[in-house]
Amino acid sequence: MIAYDLQCINGHSFEGWFEDRKAYDAQKKKALIACPVCNSTSIARIPSTFAIKSSNPLKEFSDHQEDLENIGKKIADFVEKNFDDVGSNFAKEALKMHYGVTKTRNIRGVSTKEEEKTLTEEGVQFFKVPMPEVPDTDA
Ligand SMILES: [Zn+2]
């Protein structure tokens, strides 16, 4: 069995368990996967998440009712072009900006749950966005 992080078209995220990836694809195709909150069968898989910090929230993406995977791709493109990749230093860099040690800029990177807790406690705002086309590491 594998667990997938899933999200419906209305933005509810939930976890789904499947025999394997094929089972997920088959059930998705037959609209057998429904959101437990709103019962929507427009479901997209969230392969993984990473954290970004921006001085300009990505408002333009929230207005569209497009396929979630499509939006994810657009965000990925946008982030890739406009955000500095700081990798696992995300929390450190975000805190430096928060305290004015470095100039505020758009950064992206990965953070641990613990680091995210610290950022939240320090009042640092950041976003987590789904990243499409990440190699499948479930197997
Ligand atoms: Zn829903």
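What counts and how
Per chain, residue numbering runs from 1 following the sequence as it is written. Local features in this predicted model are restricted to residues of pLDDT 70 or higher, and side-chain atom pairs are both shown and tallied only at a pLDDT of 80 or more, whereas totals for entire chains, interfaces and linings draw on every residue. The side-chain values count all of the structure's non-hydrogen atoms but skip hydrogen atoms and water molecules. Counting from the N terminus, the helices are DSSP H or I runs at least four residues long and the strands are E runs at least two residues long. Each residue is placed in one exposure class: buried if its accessible area under a 1.4 Å probe, protein chains only, is under 20% of its type's maximum, exposed if it is over 50%, and partly exposed if it falls in between. Where accessible areas are quoted, they stem from the Shrake-Rupley method and a 1.4 Å probe; at the residue level, only the protein chains shown are allowed to cover. Here a polar contact means two N or O atoms within 3.5 Å. Within protein one must be a hydrogen donor candidate and the other an acceptor candidate, and residues neighboring in sequence count only if both atoms are side-chain atoms. The rule for donors is simple: N, O or S, within 2.8 Å of the metal, or within 3.2 Å if the metal is Na, K or Ca. Water isn't counted, so a site may look like it is missing partners. For four-coordinate sites, all angles between 85 and 135 degrees define a tetrahedron; for four- and six-coordinate sites, opposite donors beyond 155 degrees with the remaining angles between 65 and 115 define square planar and octahedral shapes respectively, and all other cases count as irregular. DSSP calls a pair of strands paired once it identifies at least 2 bridges connecting them. Note on geometry: axes are C-alpha line fits, over the in-contact stretch for helices, and angles between N-to-C directions span 0 to 180 degrees. Here a residue-residue contact requires only that any non-hydrogen atoms of the pair lie within 4.5 Å. Throughout, the term roughly parallel applies to angles under 35 degrees, roughly antiparallel to angles over 145, roughly perpendicular to angles from 65 to 115, and oblique to all others. Three residue categories are used. Nonpolar comprises Ala, Val, Leu, Ile, Met, Phe, Trp, Tyr, Cys and Pro, charged comprises Asp, Glu, Lys and Arg, and polar comprises the others, including Gly. Any carboxyl oxygen of Asp or Glu within 4 Å of a side-chain nitrogen of Lys or Arg constitutes a salt bridge here.

Colleague: Quick rundown of the overall build of the chain? Include the residues and the values.
Modeller: The helix and strand tally for the chain stands at 4 helices and 7 strands. Overall, the chain shows an N-to-C arrangement of helices and strands of β-β-α-β-β-α-β-α-β-α-β. For the chain, the residues scored as buried account for 34% of the 139 residues in total. In the form shown here, the chain has an accessible surface area of approximately 9,100 Å², with 48% of it arising from carbon and sulfur atoms.

Colleague: Could you give an account of helix α1 (residues 21-29), naming the residues involved and the relevant values?
Modeller: Residue Asp20 occupies the N-cap position of α1, its side-chain oxygen lying 3.2 Å from the main-chain nitrogen of Lys22. A positive backbone phi angle near 55° is found at Ala31, which sits one or two residues after α1.

Colleague: Pulling in residues and values, what's your account of the coordination of the zinc ion?
Modeller: Bound to the zinc ion on the protein side are Cys8 (SG), His12 (ND1), Cys35 (SG) and Cys38 (SG), at distances that span 1.9 to 2.3 Å. Classification of the site at the zinc ion rests on its 4 donor atoms, whose angles at the metal span 104 to 114°, yielding the label tetrahedral. On the basis of relative accessibility, which here comes to 0%, the residue Cys8 falls in the buried class. The partly exposed category is assigned to Cys38, whose relative accessible area is 29%.

Colleague: Please set out the sheet that holds strand β1 (residues 2-8) residue by residue, giving values where relevant.
Modeller: One open sheet holds the 3 strands; their spatial order is β2-β1-β3, and the pairing between them is antiparallel. Two strands in the sheet have a free side with no partner beyond their single neighbour: β2 (13-18) and β3 (43-45). For this sheet, the mean inter-axis angle between neighbouring strands, taken without regard to orientation, is 40°. As judged from the 6 bridges shared by β1 and β2, these two strands associate in the antiparallel manner. Across the sheet, Gln7 pairs through a bridge with Ser13, a residue of β2. Docked against the sheet, α1 engages β1, β2 and β3, running at close to 160° with respect to β3.

Colleague: Tell me about the packing of helix α3 (residues 90-98) against helix α4 (residues 113-121), residues and numbers included.
Modeller: Two elements in contact, α3 and α4, have axes whose closest approach is 10 Å; the angle formed by their N-to-C orientations is 10°. The orientation of α3 relative to α4 falls into the category roughly parallel. In this structure, α3 contributes Phe90, Ala91, Ala94 and Leu95 to the contact, and α4 contributes Glu115, Thr118 and Leu119. A per-class count over the contact of α3 with α4 returns 5 nonpolar, 1 polar and 1 charged.

Colleague: Describe the pattern of salt bridges, and please don't skip the residues or the numbers.
Modeller: What the rule picks out here adds up to 5 salt bridges. Of the charged contacts in the structure, one is a salt bridge between Asp84 and Arg105, with a shortest N-O distance of 2.9 Å. Here Asp84 is found in strand β5 (residues 84-85), whereas its partner Arg105 is found in the loop between α3 and β6 (107-109), with 21 residues between them in sequence. The exposure class assigned to Asp84 is partly exposed, which follows from its relative accessible area of 39%. Note on Arg105: relative accessible area 29%, which makes it partly exposed. With a shortest N-O distance of 3.9 Å, Glu121 and Lys117 are connected by a salt bridge. Of this pair, Glu121 and Lys117 both sit in helix α4, separated by 4 residues, roughly a single helical turn. Lys117 carries the same exposure label as Glu121, and that label is exposed. One continuous salt-bridge network, built from bridges that share partners, spans Asp84, Glu93, Lys96 and Arg105.

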